Amino acid sequence: MKIELISGVVLAGGENIRFPFLKGFIKLGKSTIIEKNLFLLKELFDEVFISANIPDVYFYLGAQMVGDVLPSRGPMSGIYSALINTKSECAFVIACDMPFLKKDLIVFICKKHDEISRSKSVDATIPICNGKPQPLLGIYCKTVLPYFERCVRNDKTSMKRLLSEINTYFIDESDIMTIDPDCRSFFNINTIEDYERILMAHG
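(A) Main features of the environment of G8. Within the secondary structure layout, G8 lies in strand β1 (residues 6–11). Assessed through its relative accessible area of 0%, G8 is described here as buried. A C-alpha to C-alpha distance of 8.6 Å links G8 and I50, two positions 42 residues apart in sequence. Discounting residues that sit within four places of it in the chain, G8 has contacts with L41, F45, E47, V48, F49 and F92.

And the structure:
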């Protein structure tokens, strides 16, 4: 059964400065990371987007594409553009370079969001892992759009600051650990060293 009232978004618009090619196309086993994660989101959500500013390289995936509506300022611009285009009131956001996403964790975060939003207004639902908020694996709702726009236009795009200023529900790390005790879902590939560790882990 699909998760209602939420769409899925893969953020693939990063500058990729520290890596020699697009990280979403790293191949682990028979699939690339972005293929694997897109398939996972399509299992869970009726509407799924790829947020990217070079859409032509992703056309073969057959997913809806959305580019930055505002000036490109990192994840905030991509999330804003996805929320503007989605039919749902909220979007579950993941980064394109997360190779170990757990389906059960995504479902768990969505259930937590549904539970808390029944009793109070929530702009975002974000898990805590390794002692820190994880802004690129969580839920954002359209109520953040005016704030996002002001931040992007004023070049104040710190996601950490954003989460402290909107109505964010933080899921306790102890709850996350029941699903993903090693926080592997939150691992993303930033450097060649990260890539080499991933390859070693996969033998």
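(B) Structural context of the pattern of salt bridges. In this structure the tally under the stated criterion is seven salt bridges. Salt-bridge contacts for K112 lead to D175; the nearest nitrogen and oxygen are separated by 3.7 Å. Highlighted residues: K112 in helix α3 (residues 103–117) and D175 in helix α6 (residues 173–177), separated in sequence by 63 residues.

(C) Here's a closer look at the packing of aromatic side chains. Applying the stated criterion to the full structure yields five aromatic pairs. The interplanar angle of 20° and the centroid separation of 5.3 Å between the aromatic rings of F25 and Y58 together place this pair among those described as stacked. Here F25 is found in the loop between β1 and β2 (27–28), whereas its partner Y58 is found in the loop between β4 (48–51) and β5 (64–66), with 33 residues between them in sequence. Residue classification places Y58 among the buried residues on the basis of a relative accessible area of 1%. Among the aromatic residues, those joined into a ring-pair cluster are F25, Y58 and Y60. Here R184 stacks its cationic end above the ring of F100, 3.8 Å away from the centre of that ring.

(D) Broad picture of the side chain of D180. Structurally, the position occupied by D180 is in the loop between α6 and α7 (192–201). The buried charged residue D180 lacks any salt bridge, with K102 as its nearest oppositely charged partner at 4.8 Å. Apart from the residues lying within four places of it in its own chain, the contact partners of D180 are K102, L105 and S185.

(E) Representation of the state of the cysteines. Applying the stated criterion to the full structure yields two disulfides. Covalently, C90 is tied to C141 through a disulfide, its sulfur atoms 2.1 Å apart. One quick way to see it: the torsion about the S-S bond of C90 and C141 is about 95°, and its sign makes the bridge right-handed. Of the two residues, C90 is situated in strand β6 (residues 90–95) and C141 in strand β9 (residues 137–141); the sequence distance between them amounts to 51 residues. Residue pairing for C129: its cysteine sulfur links by disulfide to C183, the two sulfurs lying 1.5 Å apart. On the sign convention where negative means left-handed, the S-S torsion of about -70° between C129 and C183 marks this disulfide as left-handed. One end of the pair, C129, is in strand β7 (residues 124–129); the other, C183, is in the loop between α6 and α7, and 54 residues separate them in sequence. Accessibility classification places C129 together with C183 in one group, the buried group. Summary of cysteine pairing: C96 is not part of a disulfide, and the nearest cysteine sulfur, belonging to C110, is at 20 Å.

Rules used throughout
- Residues numbered from 1 in each chain as written.
- Predicted model: local features only at pLDDT ≥ 70, side-chain atom pairs only at ≥ 80, totals over all residues.
- Heavy atoms only, no water.
- Helix = DSSP H or I, 4+ residues; strand = E, 2+ residues; numbered from the N terminus.
- Buried < 20%, exposed > 50% of the residue type's maximum accessible area, 1.4 Å probe, protein only.
- Contact = heavy atoms within 4.5 Å.
- Salt bridge = Lys/Arg side-chain N within 4 Å of Asp/Glu carboxyl O.
- Phe/Tyr/Trp six-rings, centres within 6.5 Å; stacked < 30°, edge-to-face > 60°.
- Lys NZ or Arg CZ within 6 Å of the ring centre and 35° of its normal.
- Lys, Arg positive; Asp, Glu negative; His and termini not counted.
- Disulfide = S-S within 2.5 Å.

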